[in-house]
Amino acid sequence: MKGKAEAREDVAIREAQMQVTGMTCASCSGLVTNVLNQTDHVLTAEVNLLFEKAVVRYQSVEGLTAQGLVMSVEDLGFGAALVSDKEVVPARTGDGGGKDHVAVP
């Protein structure tokens, strides 16, 4: 884990939603948020204690999968299940002369 990633235009961005169980307080959700945010190639991670939900936006690179993010949460001792994983920003292809922009939501 190296910390917050910077978005790269040549890599697709995916959004994984997962159900997280076993969190009983703000410290629990804070721990999950911090671990996810410190994962290489993760752009943002938001954890909702009340709804037992986490939403993670990450770069689609080799070695990082939504299931791997779920396992990171489980390694903390919480239950986690993947609800969805979808591409939200496609990778930019071609040279485009530097004029194409990819917005990172």
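It should be noted that the structure appears before, not after, this text.
Note that the structure is predicted; figures quoted are calculated from it, not measured.

Caption draft 1: Representation of the environment of L82 in the model. With respect to the helices, strands and loops of the structure, L82 is situated in strand 4 (residues 79-89). We classify L82 as partly exposed; its relative accessible area is 35%. Along the backbone, L82 and A16 are 66 residues apart, and their C-alpha atoms lie at a distance of 7.3 Å. Residues in contact with L82, not counting those within four places in the same chain, are A16, Q17, M18, A66, Q67 and V70.

Caption draft 2: Quick peek at the nonpolar core. Of all hydrophobic cores here, the largest spans 22 residues; its most connected members are M18, L36, L69 and V73. When contributions to this core are tallied by element, the ones reaching two or more residues are strand 1 (13-21), helix 1 (26-37), strand 2 (42-48), strand 3 (53-59) and helix 2 (66-75). Counting residues per element, this core draws most heavily on helix 2, at four residues.

Caption draft 3: Layout of the pairing of strand 3. Among the seven residues that make up strand 3, six are buried, leaving the element largely enclosed by the rest of the structure. By the bridge criterion, six bridges tie strand 2 to strand 3 in an arrangement that is antiparallel. In the sheet register, T44 faces strand 3, and the bridge partner there is R57. Adjacent in sequence and paired antiparallel, strand 2 and strand 3 are bridged by four residues, among which E52 carries a positive phi angle near 50 degrees.

Caption draft 4: A look at unusual backbone geometry. Of note in this structure, H41 is not a glycine but carries a positive phi near 75 degrees. Look at E52: it is not a glycine, yet its phi comes out positive at around 50 degrees. Here E52 lies in the loop between strand 2 and strand 3. Looking at E52, the relative accessible area reads 29%, which means it is partly exposed.

Caption draft 5: Representation of helix 1 in the model. The end-to-end C-alpha distance of helix 1, which contains 12 residues, comes to 16 Å, matching closely the 16 Å that a straight helix rising 1.5 Å per residue would cover. Of the positions making up helix 1, those classed as buried are C28, S29, V32, T33, V35, L36 and N37. Here the buried face of helix 1 lies against strand 2, strand 3 and helix 2.

Caption draft 6: Up close: the sheet that holds strand 3. Here four strands make up an open sheet; going across it, the order is 2-3-1-4 and the pairing antiparallel. Every interior strand has two partners, whereas the edge strands, strand 2 and strand 4, have only one. Recorded for the sheet is a direction-independent mean angle of 15 degrees between the axes of neighbouring strands. Examined bridge by bridge, strand 1 and strand 4 share nine bridges and lie antiparallel to one another. Residue pairing in the sheet places Q17 in a bridge with S84 of strand 4. Along the sheet face, helix 1 touches strand 2 and strand 3 and points at about 170 degrees away from the line of strand 2.

Conventions adopted
- Residues numbered from 1 in each chain as written.
- Predicted model: local features only at pLDDT ≥ 70, side-chain atom pairs only at ≥ 80, totals over all residues.
- Heavy atoms only, no water.
- Helix = DSSP H or I, 4+ residues; strand = E, 2+ residues; numbered from the N terminus.
- Buried < 20%, exposed > 50% of the residue type's maximum accessible area, 1.4 Å probe, protein only.
- Contact = heavy atoms within 4.5 Å.
- Core = buried A, V, L, I, M, F, W, Y, C linked by side-chain atoms within 4.5 Å.
- Pairing = 2+ DSSP bridges.
- Expected span 1.5 Å × (residues − 1).
- Axes fitted to C-alpha atoms, helices over the stretch in contact; angles between N-to-C directions.

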